[in-house]
Amino acid sequence: MSRYWSPIVSRLRPYVAGEQPRIPGLVKLNTNENPYGPSPKALGAIRKVADDRLRLYPDPAATQLREAIAARFGLTAEEVFVGNGSDEVLAHAFQALLNHDLPLLYPDVSYSFYPTYSLLYGIGAIEIPVDDKFRIRLSDYDRPCGAIIIPNPNAPTGIGLPLAGIEALLAAHPDAVVVIDEAYVDFGGESAVPLISRYPNLLVIQTLSKSRSFAGLRVGFALGHRDLIEALVRVKDSFNSYPLDRLAQVAATAAIKDEAWLETSRRKIIASRESLVRELESLDFEVLPSQANFVFARHESRSGASLQLALRERRVLVRHFAKPRISEFLRISIGTDEECALLVSTIREIL
Ligand code: PMP
């Protein structure tokens, strides 16, 4: 800390990402990456651009990519915003839409970037506790607010909300922006995208990091009424007019168009998740019902912290959060069947 720091920076508690160590032979199930890699068509597109086009600035509006995303979701390009990962899109949304006199509501537990952004952008937030089964209870959001942000499925629990509940929330809060963070929606969740045409207060945010296996590329996007999207564009243009580089734009465009690749990888992950849940339950874990590419599980008698440490010593990385209500849990990303089997046999050794 220094006397030159602003009061906000002094109070910031930055989000701490899961570790990315470079240890060979590690089973890495700690940051919800997709083990199957991105579409080969997207990799081909990167190679082509890398050969001769990096000399040129990218399209500042990422038009082709936005058109591809729009076509995929049955929207127009004016209803699509793109950024460097959904973290950046969320940051722009916090700045552009959530700066009301009324509070922002989001669940506790949820994605830990929300409190960080609230503090960074000076937004008053109220955290609404999840219930005793770690479910988001939408009736608790029935109070005056300027905005609501809900991840669906939630992270790190993996629990999804039905679309009817989200629609009721939108209808009950016509004056608030409702942001649905769908980072994990492709693994079995119900997307709110079909509601966009009827609710001008809905912003849906998705990412290429998970189901499309492009975490290293950093591409996320927001979908919503063109007025909401225009607000995000204003923030972007006041911050960095070239948010997505050429490689990201061409690769993401190809990835969005490769529906078959998406389908295969998400099917494999859902099938592996279901068998991992059965294995963990047979080892006396309680596993929350997950619609994501991870599971959130606690053991009957071993603490989350001790299990995480013991697994790490045996070269298996999983995530543990020290936060009070969830500190008994481990968040385990779904890897290949071989990785999941290794995790299970390592847990057997430890118990
Ligand atoms: N939202 C949620 C709920 C997440 O878990 C994550 C991944 N950490 C993100 C958004 C951000 O993902 P990315 O920036 O890679 O698009």
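Being a predicted model, the structure only gives us computed values, none of them experimental.

Concerning the overall build of the chain
Alright, step 1. Tallying secondary structure elements over the chain gives eleven helices and twelve strands in all.
Alright, step 2. On C-alpha atoms alone, the chain measures out to a radius of gyration of 20 Å, which is about the 20 Å that the 2.2 N^0.38 rule sets for 351 residues.
Alright, step 3. Counting only C-alpha atoms, the chain reaches 55 × 55 × 50 Å along its principal axes.
Alright, step 4. Across the 351 residues of the chain, 46% fall into the buried class.
Alright, step 5. When contacts within the chain are restricted to residue pairs at least 6 apart in sequence, long-range pairs at least 24 apart make up 73% of them.

Considering the site of the ligand
Alright, step 1. The environment of the ligand is formed by Gly85, Ser86, Asp87, Tyr111, Pro151, Ala155, Asp181, Ala183, Thr207, Ser209, Ala215 and Gly220.
Alright, step 2. By residue number, the principal contributor to the shell around the ligand is helix H4 (residues 85-97), which donates three residues.
Alright, step 3. Looking at side-chain class alone, the shell around the ligand contains five nonpolar, five polar and two charged residues.

Digging into the confidence of the model for the chain
Should the pLDDT be low somewhere, the predicted coordinates at that spot are not to be read in detail.
Alright, step 1. Averaged over all residues, the pLDDT of the chain is 95; the fraction at 70 or higher stands at 100%.
Alright, step 2. Across the interfaces of the predicted complex, the ipTM metric reaches 0.99, alongside a pTM of 0.97.

Topic: the UniProt feature "domain: Aminotransferase class I/classII large" (unreviewed entry) in the chain
Alright, step 1. The UniProt entry lists residues 26-347 under the feature "domain: Aminotransferase class I/classII large" (unreviewed entry), expressed in the numbering used here.
Alright, step 2. Helix makes up 39% of residues 26-347 and strand 16%, with an end-to-end C-alpha separation of 15 Å.

Thoughts on the sheet that holds strand S12 (residues 329-333)
Alright, step 1. Taken in spatial order, the three strands make up an open sheet running S9-S10-S12, and their pairing is antiparallel. In the strand order of this sheet, the two ends are held by strand S9 (285-287) and S12, each with one partner. Across this sheet, the average inter-strand angle for adjacent strands is 35°, counted without regard to direction.
Alright, step 2. As judged from the five bridges shared by strand S10 (residues 294-299) and S12, these two strands associate in the antiparallel manner. Within S12, the residue paired with Ala297 across the bridge is Leu330.
Alright, step 3. Its contacts with the sheet place helix H10 (residues 304-313) against S10 and S12, and it is angled at close to 40° to S12.

A look at helix H9 (residues 259-282)
Alright, step 1. The first and last C-alpha atoms of H9 sit 35 Å apart over 24 residues, in line with the 34 Å expected at 1.5 Å per residue.
Alright, step 2. Where H9 terminates, the next one or two residues include Asp284, which has phi positive at roughly 70°.

Observations concerning the packing of helix H3 (residues 63-73) against helix H8 (residues 246-257)
Alright, step 1. Orientation of H3 relative to H8, taken along the N-to-C sense of each, is 15°, at an axis distance of 9 Å. Classified by the angle their axes make, H3 and H8 are roughly parallel. Read as a crossing pair, H3 and H8 show a hand that is left-handed. Taken together, the residues of H8 that come into contact with H3 (itself represented by Gln64, Leu65, Ala68, Ile69 and Arg72) are Gln249, Ala252, Thr253, Ile256 and Lys257.

What to know about the pairing of S10
Alright, step 1. The buried fraction of S10 amounts to five of the six residues, a majority that puts the element mostly inside the structure.
Alright, step 2. Summarising the sheet, S9 and S10 pair through three bridges and their orientation is antiparallel. In the sheet register, Val287 faces S10, and the bridge partner there is Ala297.
Alright, step 3. Here S9 folds back onto S10, and the loop between the two strands holds six residues.

Some thoughts on the sheet that holds strand S7 (residues 202-207)
Alright, step 1. Spatially, seven strands are ordered S2-S8-S7-S6-S5-S3-S4 in an open sheet, and the strand pairing comes out mixed. The open sheet terminates on both sides in strands that have one partner only, identified here as strand S2 (80-83) and strand S4 (125-129). On average, adjacent strands in this sheet sit at an angle of 20° to one another, irrespective of strand direction.
Alright, step 2. Sheet topology places strand S6 (residues 177-181) next to S7; four bridges connect them, and they run parallel. Directly across from Val179, in S7, lies its bridge partner Leu203.
Alright, step 3. Taken strand by strand, H4 contacts S2, strand S5 (147-151), S6, S7 and strand S8 (220-224), and its axis lies near 160° from that of S7.
Alright, step 4. Strand contacts of helix H7 (residues 226-237): S2, S6, S7 and S8, with the helix running at about 30° to S2, the strand carrying the most contacts.

Some thoughts on the environment of Ser272
Alright, step 1. Topologically, Ser272 is positioned in helix H9.
Alright, step 2. For Ser272, a count of 20 C-beta atoms within 10 Å corresponds to the buried category.
Alright, step 3. C-alpha separation for the pair Ser272 and Ile149, spaced 123 residues apart in sequence, amounts to 29 Å.
Alright, step 4. What Ser272 contacts, discounting residues up to four positions off in sequence, is Ile334, Asp337 and Cys340.

What counts as what
Residues numbered from 1 in each chain as written. Predicted model: local features only at pLDDT ≥ 70, side-chain atom pairs only at ≥ 80, totals over all residues. Helix = DSSP H or I, 4+ residues; strand = E, 2+ residues; numbered from the N terminus. Rg over C-alpha atoms; globule rule 2.2 N^0.38 Å. Buried ≥ 20, exposed ≤ 12 C-beta atoms within 10 Å, placed from the backbone. Contact = placed C-beta atoms within 7 Å. Near = placed C-beta within 6 Å. Nonpolar A, V, L, I, M, F, W, Y, C, P; charged D, E, K, R; others polar. pLDDT = per-residue confidence, 0-100. UniProt positions renumbered as here; feature names shortened; annotations may be inferred. Pairing = 2+ DSSP bridges. Axes fitted to C-alpha atoms, helices over the stretch in contact; angles between N-to-C directions. Expected span 1.5 Å × (residues − 1). Parallel < 35°, antiparallel > 145°, perpendicular 65-115°, else oblique. Left-handed = near helix turned anticlockwise from the far one by under 90°.

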